[in-house]
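# Structure at a glance
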Amino acid sequence: MTDTALKIERLGAEARIARVTLNRPEVRNAFNEALIAELTEAFKTLGQDPTLRAIVLAAEGKAFCAGADLNWMKAMAGYSWEENHADAGRLAEMLWTIYSCPVPVIARVQGDVYAGGVGLVSVCDMVVSLESAGFCLSEAKLGLLPATIAPYVVRALGEQASRRYFVTAERFGAAEAHRLGLVHKLAADEEQLDHKVELLLSAVLANGPAAVRACKKLVQDVAHAPITPALRDDTARRIADIRASAEGREGVQSFLNKSKPSWLA
């Protein structure tokens, strides 16, 4: 058995990248109270670090995340409604913490993803998966439903695909997940998986740090918002804010002068 549910490393010469690794391979990185608490705390802490440019969420072993731990499920079988509600609330808080983390999060999916694990992938901004990985929203097989993960899975997978896979609990492959938009890039093996993660990291690091964080927040705020006068004004204010910022001024001047901005120096 492993000592901690997570491994957290800082990568690169300036430690601008964090790698958070699910470290429960003996149970296929399934969720329990400890893993949920550690993930929540890790992303809260990392999200407050202004020097951090990107986070890679990875996993040890053959599976990325198998959903709920069996021992945890056995304990939950005897919970009251109030205990179940509080328990689900902790999972909901973890998912929101990762989703709302200001730093871009890249999922490195090296194996199968089940139930709550699909929710974990869905809260990430970019997803790179092995072609051999499988996905399954398996809750209905147990007489349950993917409630706490639903807001994120429906956004990532799409409403129509969610209608199907929520109610059938069918397994679908990484190629189908890619076609539906849940997965952004596919890799034939782990070497290629790492290479494609590195390409995304390089793309993120080439951009203005504040602009990247603002772009992530912008997508979340406008994705499902009606295009009202208030929204139009809000977007105008956002671009005015960043144009007037030191980073925005430097970026535009560097482009006009054909020089490198400080974040590329």
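Before reading on, note that the structure itself is shown above.
Quick notes on the rules
Residues numbered from 1 in each chain as written. Predicted model: local features only at pLDDT ≥ 70, side-chain atom pairs only at ≥ 80, totals over all residues. Heavy atoms only, no water. Axes fitted to C-alpha atoms, helices over the stretch in contact; angles between N-to-C directions. Helix = DSSP H or I, 4+ residues; strand = E, 2+ residues; numbered from the N terminus. Parallel < 35°, antiparallel > 145°, perpendicular 65-115°, else oblique. Contact = heavy atoms within 4.5 Å. Nonpolar A, V, L, I, M, F, W, Y, C, P; charged D, E, K, R; others polar. Phe/Tyr/Trp six-rings, centres within 6.5 Å; stacked < 30°, edge-to-face > 60°. Buried < 20%, exposed > 50% of the residue type's maximum accessible area, 1.4 Å probe, protein only. Pairing = 2+ DSSP bridges. Expected span 1.5 Å × (residues − 1). Arc of directions from axis to C-beta.

### Notes on the packing of helix H9 (residues 209-222) against helix H10 (residues 229-244)
- Two elements in contact, H9 and H10, have axes whose closest approach is 12 Å; the angle formed by their N-to-C orientations is 175°. In terms of orientation, H9 and H10 fall into the roughly antiparallel class. Across from Ala210, Ala211, Ala214, Lys217, Leu218, Asp221 and Val222 in H9, the residues of H10 making contact are Leu231, Thr235, Arg238 and Ile242.
- Within the contact of H9 with H10, the residues separate by chemical class into seven nonpolar, one polar and three charged.

### Brief notes about the packing of aromatic side chains
- Inspection of the entire model under this criterion finds four aromatic pairs.
- Pairing Trp96 with Tyr99 gives two aromatic rings, centres 5.8 Å apart and planes at 40°, and the pair type is tilted. Of the two residues, Trp96 and Tyr99 are both situated in helix H3 (residues 81-99); the distance of three residues between them amounts to about one turn of the helix.
- Between Tyr165 and Phe172 the ring centres are 4.3 Å apart and the planes differ by 35°, which places this aromatic pair in the tilted class.
- According to the relative accessible area criterion, Tyr165 is buried, its value standing at 4%.
- Taken together through their ring pairs, the aromatic side chains of Trp96, Tyr99 and Tyr152 make up a single cluster.

### Focus: the sheet that holds strand S10 (residues 185-187)
- If you trace the six strands from one edge of the open sheet to the other, you get S1-S2-S3-S5-S7-S10, paired in mixed fashion. Both edges of this open sheet fall to strand S1 (6-11) and S10, since each of them pairs with a single strand only. When strand polarity is set aside, the average angle formed by the axes of neighbouring strands in this sheet is 20°.
- Strand direction decides the pairing type here: strand S2 (residues 17-22) and strand S3 (residues 54-59), joined by six bridges, are parallel. Paired with Ala18 across the two strands is Ile55, which belongs to S3.

### What to know about helix H11 (residues 246-257)
- Relative to the 16 Å expected for twelve residues at 1.5 Å per residue, H11 spans 16 Å between its end C-alpha atoms, a close match to the ideal helical length.
- For H11, every residue scored as buried is listed here: Glu247, Gly248 and Ser254. Along H11, the residues classed as buried sweep out an arc of 135° about the axis, all on the same side. The exposed residues of H11 that point more than 90 degrees off its buried face are Ala246, Arg249, Leu256 and Asn257.
- Turning to H11, the residues buried within the fold contact H9 and H10.
- Looking one or two residues beyond H11, the residue adopting positive phi is Lys258, at roughly 55°.

Taken by themselves, the reported measurements are silent on function.
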